[in-house]
Amino acid sequence: ASHGYYCRSGELIGAALEVTENDILFAGLPLFHAGARLVTVTLPLVYGIPAYLQGSFSARAYFPRAREVGATLMIAVGAMGAAILATEPSDSDRDHKVTRIMCAPLSLESQETFRNRFGVDPWVDIFGQTECMPTTLTSLSSSQRDPNGCGIGAPDLEVALLDDEGYVLDGEAT
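Side note on unusual backbone geometry
Cis peptide bonds are those with omega within 30 degrees of zero, and the linkage from Ala104 to Pro105 qualifies with -5°. With respect to the helices, strands and loops of the structure, Pro105 is situated in the loop between strand S4 (100-104) and helix H5 (108-118). Omega for the peptide link from Met133 to Pro134 comes to -5°, which places this bond in the cis form. In this structure, Glu18 takes a positive phi of about 55° despite not being glycine. Since its relative accessible area comes to 31%, Glu18 is described here as partly exposed.

What to know about helix H3 (residues 59-69)
Looking only at H3, the buried set comprises Ala59, Tyr62, Phe63, Ala66 and Val69. Around the axis of H3, the buried residues are gathered within 135° of arc, so they sit on the same side. Turned more than 90 degrees away from the buried face of H3, the exposed residues are Arg60 and Glu68. Following H3 by one or two positions, Gly70 adopts a phi angle in the positive range, close to 75°.

Regarding the packing of helix H4 (residues 78-85) against H5
Across the interface, H4 lies against H5 with an axial gap of 11 Å and an inter-helix angle of 55°. Judged on the interaxial angle alone, H5 and H4 are oblique. Once H4 is placed against H5, the crossing between them reads as left-handed. From H4, Gly81, Ile84 and Leu85 reach across to H5, where they touch Ser110, Thr113, Phe114, Arg117 and Phe118.

Thresholds, definitions, all that
Every chain begins its residue count from 1, and numbering advances along the sequence as written. pLDDT decides what is reported in this predicted model: residues at 70 or higher carry local features, side-chain atom pairs at 80 or more are listed and counted, and totals for whole chains, interfaces and linings draw on all residues regardless. Calculated side-chain values reflect all of the structure's heavy atoms, with hydrogen atoms and water omitted. Counting from the N terminus, the helices are the DSSP runs of H or I reaching at least four residues and the strands are the DSSP runs of E reaching at least two. Buried means the residue's accessible area, taken with a 1.4 Å probe over protein chains only, is under 20% of the maximum for its type, while exposed means over 50%, and partly exposed covers the values in between. Within this analysis, the arc is defined by the directions that extend from the helix axis to the C-beta atoms. Inter-axis angles, ranging from 0 to 180 degrees, are taken between N-to-C directions of lines fitted to C-alpha atoms, where helices are fitted over the stretch in contact. Working definition: roughly parallel below 35 degrees, roughly antiparallel above 145 degrees, roughly perpendicular at 65 to 115 degrees, and oblique for all remaining angles. Should the near helix be turned anticlockwise from the far one by less than a right angle, the crossing is termed left-handed; should it be turned clockwise, right-handed. A contact between two residues is defined here by any heavy atoms of the two lying within 4.5 Å.

By themselves these figures say nothing about function.
This is the structure we're talking about:
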């Protein structure tokens with residue numbers, strides 16, 4: 001992947017997550033994972049914010065470690081979110097400064113459990129793959145957010161929804 005591709009990913013995802021200069025990022029994705037390189041490494045470089053990257057993921061230690069480093073922003077994938085939710089609830093689950101967590105995909109039920117338990121609304125309005133990250137995303141403050149969806153087409157891409165025969169569907173995707 002090119003430098004431009006990495007910078008694009010960090011810039012678009014940071015804008016959607018509404019990153020500010022006061023944010024501190026925390027993530028536990030291994031660096032062999034494209035998302036780790038495209039988001040957890042590039043986003044802090046593009047936005048000039050500190051980042052704490054765990055060498056390995058621990059569901060039990062994820063929020064406690066984020067608390068230790070003063071993280072305001074966390075990056076995870078859906079399977080990590082599910083693992084975090086599977087840990088034993090604690091009185092300290094809301095004792096952190098995290099205001100945003102990118103964690104997709106997560107079911108509606110898991111999103112609600114995450115909000116209730118940790119006091120953080122997981123951002124799931126994103127879809128991408130190694131070859132094109134992000135393909136779709138919706139900013140946190142957008143009125144178009146859909147917790148049951150995966151975002152709208154990235155502003156620099158032409159994205160279409162096709163039927164089973166490969167024809168573009170009419171109307172606006174919901």
